[in-house]
Amino acid sequence: MNLLRACIVGSGPAGFYTAKKLMKSYPKVKVDMFESLPVPFGLVRYGVAPDHQKVINVENTFREIALDKRFSFYGNVTIGNNIYKNNIANYISIDELKKMYHTIVFCIGANGDKKLNIPGENLNNVYTSRNFINWYNGLPVGLMNNKSFSFDNKEDIKSIKNVCIIGQGNVALDCARMLISPTNLLNSTDITDNSLNILKQLDLKKINIIGRRGPFQAQFSVGEVREIFKLNTSNIIINQNDLIANNEHIEYERRIKRLMKVFNDYSKNTDTNNYNNKTDLELCFFKRPVEILPCNNDKDKVGYLKLEKMALCDTKNIIATGEYETISCDLLISSVGYKVNSIDGLPKIIKDNCIPNDNSKIIFTDVNEQGNHFNNGLYACGWFRRGPSGVILTNIEEANLTVNRILNDIDNGIIDLTLNINYQNDKHV
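Per chain, residue numbering runs from 1 following the sequence as it is written. Selection of residues for local features in this predicted model requires a pLDDT of at least 70, selection of side-chain atom pairs for listing and counting requires 80 or more, and totals for whole chains, interfaces and linings are taken over all residues. Just so you know, side-chain values use all the structure's heavy atoms and leave hydrogens and water out.

Caption draft 1: Structural view of the sheet that holds strand β10 (residues 206-210). At least two bridges found by DSSP between two strands are what make those strands a pair. A run of H or I in DSSP counts as a helix once it spans at least four residues, and a run of E counts as a strand once it spans at least two, with each numbered from the N terminus. Ordered by their spatial adjacency, 6 strands build an open sheet running β8-β16-β9-β10-β12-β11, and the pairing between neighbours is parallel. Unpaired on one side and paired on the other, β8 (126-128) and β11 (234-238) mark the two borders of the sheet. Averaged over all neighbouring strand pairs, the angle between strand axes comes to 20 degrees, with direction disregarded. Every axis in this analysis is a line fitted to C-alpha atoms, fitted for helices over the stretch in contact. Angles between the N-to-C directions lie between 0 and 180 degrees.

Shown next, in the form of structure tokens:
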């Protein structure tokens, strides 16, 4: 068996599960993992809410993988035109990597954010969910790929009364939960001291979680919804009329049925006459943001959000009604999805929000000497391969698929392990 020198770019779940599968399936392998951040674990470290400790504990599995003598980790290294290139001297091009490894697996995730593309998106106190998550998880400001979440002073913090979160997925719920969770519950988590101190000073009146589709089309998981509802730190507001806007002839999947039961149970308890001093948390369905407006005394800061009412015309599609409303908004967090960015040396991300690939093997549009569209030895896994979807454990099955594709290419002679590569004394140059 010839030695396989494998490079994994990215140290999140996809990267570590790929390393685990490689070392298990091909004993004579040397795996080098490169990460643009100084530390490993990717979204597990900087993307999971700190109060989800069971999810974060997957880091223990990754540490066991890293202890294998065949594994090496190199942090603070930028590959291609990664978003952190400007601030890091340790830069390696993909062409250089190809000279040092038989195979390279890109597990770099989705480094960009989808935009709302509406007027006012550049106002102060308008952020993406990534901004907010990076802030409470302590990502160093110099490594953030866009503006950092921050408040200038205590007066600025106290002025935040109404929060609008745009999105109908679990990330939107994470952001809302972090804003209304009792800070004594967060004390035992990995949240930064600075973030916790600011959250303690917040005195919120209302949080609106806004989506243009209805509850039957929302991507919330049942567990995440129950978690935030059971905090008992907010008055839950759900319009019961939204809960009957569906096609009665469609048999919905189990998740949706369970989700609707939770919504119905809480919507029946809505009684504005009995509200206490808790923060109001409203799930606003069938509303589309059309413009972010400045506040009255500061034209550079968000003050209001203009929404258009939408209506369901079948089980999936919605139409605009032309009816509008404007609500107060002192802080806006956009959670409408992540974007996979292109990097130098690989095909451009043109469609599907993922790298062009055939069962994990990266596809190039130019035809090589073998007469096909593959650049031998380059593969993808995780969000970079499939787009930003799924959960952490989704990467286990996908890593298996990716590694099996690599092994198949080795067996078929597509990857030549007898190739003399530029690697000296088992240490990275």
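Caption draft 2: Representation of the packing of helix α11 (residues 222-229) against helix α12 (residues 254-267). With their axes 9 Å apart at the nearest point, α11 and α12 run at an angle of 15 degrees to one another. In terms of axis orientation, α11 runs roughly parallel to α12. In the crossing of α11 with α12, the sense of the turn from one axis to the other is left-handed. Between α11 and α12, the contacting residues are Val222, Val225, Arg226 and Phe229 on the first element and Arg255, Arg258, Leu259, Val262, Phe263 and Tyr266 on the second. Only Asp, Glu, Lys and Arg are considered charged in this grouping, and only Ala, Val, Leu, Ile, Met, Phe, Trp, Tyr, Cys and Pro are considered nonpolar; every other residue, Gly among them, is considered polar. Here the contact of α11 with α12 is built from residues that sort into 7 nonpolar, no polar and 3 charged. Oblique is the label for any angle not covered by the other classes, which are roughly parallel (under 35 degrees), roughly antiparallel (over 145) and roughly perpendicular (65 to 115). Two helices crossing with the near one rotated counterclockwise from the far one by less than a right angle form a left-handed crossing, whereas a clockwise rotation gives a right-handed crossing. Any two residues whose heavy atoms approach within 4.5 Å at even a single point are treated as in contact.

Caption draft 3: Geometry of the sheet that holds strand β15 (residues 318-328). Sheet architecture is open: 3 strands sit in the order β13-β14-β15, paired in antiparallel fashion. The open sheet is flanked by β13 (287-295) and β15, the only strands paired with a single partner. Strand-to-strand twist of the sheet, defined as the mean angle between neighbouring strand axes without regard to direction, takes the value 25 degrees. Bridging between β13 and strand β14 (residues 298-312) involves 8 bridges; their strand directions are antiparallel. Residue Lys287 lies in a different strand from β14, and its bridge partner there is Lys309.

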